[in-house]
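Chain by chain, the residues:
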Amino acid sequence: MAFDRSKWVWMNGELIPWDRATIHVSAHGLHYGSGVFEGMRCYETPAGPAVFRMRAHFKRFFASARTYGMALPYTKEQLADAVFRLVRRNGFRSCYVRPICYYGSDSLAVQPLKCPVEVAIFAWPWAPLLGVEKQTEGVRVTISPWVKFHSSMMPTTAKACGQYLNSMIALNEAVRHGFDEAILLDTDGNLAEGSGENIFIVRGGTVATNNDTDSILMGITRDSVIQIAQDLDYPVHIRTLRIEDLLSADEAFFTGTASEVTPIIEVDGRKIGTGVRGPVTERIQKAFFNATAGKEPKYKNWLELVVKTSSPRRSVRSTTGTGRARSGRTGIRNTVAD
Ligand SMILES: Cc1ncc(COP(=O)(O)O)c(C=O)c1O
């Protein structure tokens, strides 16, 4: 898919035409991968486009930057406002949103010292990463020969640009061998995660996923799915997962902003359960898509409306003490709190 170059990009505080959103070849971030980023989705809802879990994404964005000692020159409020302006200006009803913060051009000493900290946000309509049909059919995966780096080597809970070479090499190798996705093990030989997804397994009506001690990025979709599974009355166990847990599971699935919820039906040619999307996965998927579509009142506080309404009723602050205003009619959040 080629990007639509007629669109707009938010860069260092301004909305500018797509073709002007460029960086210099000497940028530190280009040479050393010295940047952090986020990926979030804006979904179409009955109240208009709304960004899913934006505050959680910006919280992680700031935490990733702090981990690498980068001082973001904007507040979360300013960045949230930039996302809303960007989506509105581009006229998207739904899209994937990519904020990135990186060291720009000043010197190529490994220590960035005086390199400017640059921030950009752009967006484009993006189908589910592993394919929309795979959300029903499921994906065939392989256990990668490439191991996920341990958090003593690089902080796995930060979403940093250079870290993705580990994902890229694992995914390239998997695709070269005809698989849809790779699963990377951690340095102890337990499951870590996919190249861009967290892993869940289902056995005997119990849902399990691993934790930050297992060299994973703490996915925001993972967090949403844990809550959804609990709300559907499935016991959820957070524990280290071994390869045999995956191979003997009734069902397994990936979660991630780009791939959403995608069943895993085969690992290295061995079927997981019956080899098709399982009923628990399907139920969780359905609840997740209802949440992102603004159809489930329970999860409406996960959505941030892109188009603010000026109705006095909607601009009234909530009385919950959270400082959030809610849309009177839809219940979907209308402003962003830190
Ligand atoms: C390595 C990795 N793990 C897990 C995830 C899932 O995280 P989230 O659900 O926040 O998108 C991602 C997605 O960005 C990822 O890149």
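What counts and what doesn't
Residues numbered from 1 in each chain as written. Predicted model: local features only at pLDDT ≥ 70, side-chain atom pairs only at ≥ 80, totals over all residues. Helix = DSSP H or I, 4+ residues; strand = E, 2+ residues; numbered from the N terminus. Rg over C-alpha atoms; globule rule 2.2 N^0.38 Å. Buried ≥ 20, exposed ≤ 12 C-beta atoms within 10 Å, placed from the backbone. Contact = placed C-beta atoms within 7 Å. Near = placed C-beta within 6 Å. Nonpolar A, V, L, I, M, F, W, Y, C, P; charged D, E, K, R; others polar. Pairing = 2+ DSSP bridges. Domains from an automatic or database assignment. Axes fitted to C-alpha atoms, helices over the stretch in contact; angles between N-to-C directions. Left-handed = near helix turned anticlockwise from the far one by under 90°. Parallel < 35°, antiparallel > 145°, perpendicular 65-115°, else oblique. Core = buried A, V, L, I, M, F, W, Y, C linked by C-beta atoms within 7 Å. Expected span 1.5 Å × (residues − 1). pLDDT = per-residue confidence, 0-100.

1. A short note on the overall build of the protein chain
- Check the secondary structure of the protein chain and you find nine helices and 17 strands.
- Here the C-alpha atoms of the protein chain give a radius of gyration of 20 Å, agreeing with the 20 Å that 2.2 N^0.38 yields for 338 residues.
- With respect to the principal axes defined by its C-alpha atoms, the protein chain has extents near 55 × 50 × 35 Å.
- Out of the 338 residues belonging to the protein chain, those deemed buried represent 44%.
- For the protein chain, long-range pairs separated by at least 24 residues make up 69% of all intrachain contacts whose partners lie at least 6 apart in sequence.

2. Details of the site of the ligand
- Among the 14 residues in the neighbourhood of the ligand, the closest are listed as Gly219, Ile220, Thr221, Gly256 and Thr257.
- Those elements that provide at least two residues to the shell around the ligand are α6 (220-231) and β14 (251-256).
- No other element matches the three residues that α6 contributes to the shell around the ligand.
- Of the residues belonging to the shell around the ligand, the class tally is two nonpolar, nine polar and three charged.

3. A short note on the pairing of strand β1 (residues 8-11)
- Pairing between β1 and strand β2 (residues 14-17): four bridges, direction antiparallel. Bridging across to β2, Trp8 finds its partner in Pro17.
- The hairpin turn running from β1 into β2, its antiparallel successor, is two residues long, and Asn12 in that turn takes a positive phi close to 45 degrees.

4. Describing the domain arrangement of the protein chain
- The domain boundaries assigned to the protein chain delineate domain 1 (8-124) and domain 2 (134-292).
- Spacing between the C-alpha centres of domain 1 and domain 2 amounts to 26 Å.
- Contact residues are listed per partner, giving 22 residues for domain 1 and 11 residues for domain 2.
- At the level of elements, α1 (28-32), β3 (35-37), β4 (40-45), α2 (54-67) and β6 (95-103) are the ones that each hand at least two residues to the side of domain 1 that touches domain 2.

5. Section: the packing of α6 against helix α8 (residues 279-292)
- Between α6 and α8, the shortest axis-to-axis distance is 10 Å and the interhelical angle comes to 115 degrees. Every pair of crossing elements has a handedness; the one defined by α6 and α8 is right-handed. Side by side, α6 and α8 meet where Ser224, Val225, Ile228 and Ala229 of the first sit next to Ile284, Ala287, Phe288 and Ala291 of the second.
- Along the lines of polarity and charge, the residues of the contact of α6 with α8 split into seven nonpolar, one polar and no charged.

6. What to know about the packing of α2 against helix α3 (residues 76-90)
- At their nearest, the axes of α2 and α3 sit 11 Å apart, and the two run at 125 degrees to each other. One element, α2, and the other, α3, form an angle in the oblique class. The crossing of α2 and α3 is right-handed. Along its contact with α2, which presents Met54, Phe58 and Phe62, the element α3 presents Lys76, Leu79, Ala80 and Val83.
- Taken together, the residues of the contact of α2 with α3 sort by class into six nonpolar, no polar and one charged.

7. A closer look at the nonpolar core
- Membership of the largest hydrophobic core comes to 83 residues, with the highest contact counts inside it found for Val51, Val83, Phe200 and Ala252.
- No other element matches the seven residues that α3 contributes to this core.
- Sequence-distant contacts of Val51, defined by excluding residues within four places in its chain, comprise Met40, Cys42, Val83, Val97, Glu304 and Val306.

8. Structural notes on α3
- Over its 15 residues, α3 runs 21 Å from end to end, which matches the ideal 21 Å to within 8%, given 1.5 Å per residue.
- Taken together, the buried positions of α3 are Leu79, Ala80, Ala82, Val83, Phe84, Leu86 and Val87.
- Gly91 sits one or two positions beyond α3 and adopts a positive phi of about 70 degrees.

9. Looking at the environment of Trp124
- Take Trp124: it is sitting in strand β7 (residues 117-124).
- For Trp124, a count of 16 C-beta atoms within 10 Å puts it in the partly exposed group.
- Residues Trp124 and Thr262, 138 residues apart in the sequence, show an inter-C-alpha distance of 21 Å.

10. Looking at the confidence of the model for the protein chain
- In this model, the protein chain carries an average pLDDT of 92, and 91% of its residues clear a pLDDT of 70 or more.
- This stretch, residues 312-329, has a pLDDT under 50; its non-local contacts, to residues over four places away or in other chains, come to 29 contacts.

11. Considerations on the environment of Gln285
- With respect to the helices, strands and loops of the structure, Gln285 is situated in helix α8.
- Under the C-beta neighbour-count criterion, Gln285 is labelled buried, with 21 such atoms within 10 Å.
- Ignoring anything within four residues of it in the chain, the contact list for Gln285 reads Gln135 and Val261.

12. Let's talk about the environment of Ile243
- If you trace the backbone, Ile243 turns up in helix α7 (residues 243-247).
- On the basis of neighbour count, Ile243 is assigned to the partly exposed category, with 15 C-beta atoms found within 10 Å.
- Leaving out residues up to four positions away in the same chain, Ile243 has contacts with Ile143 and Leu191.

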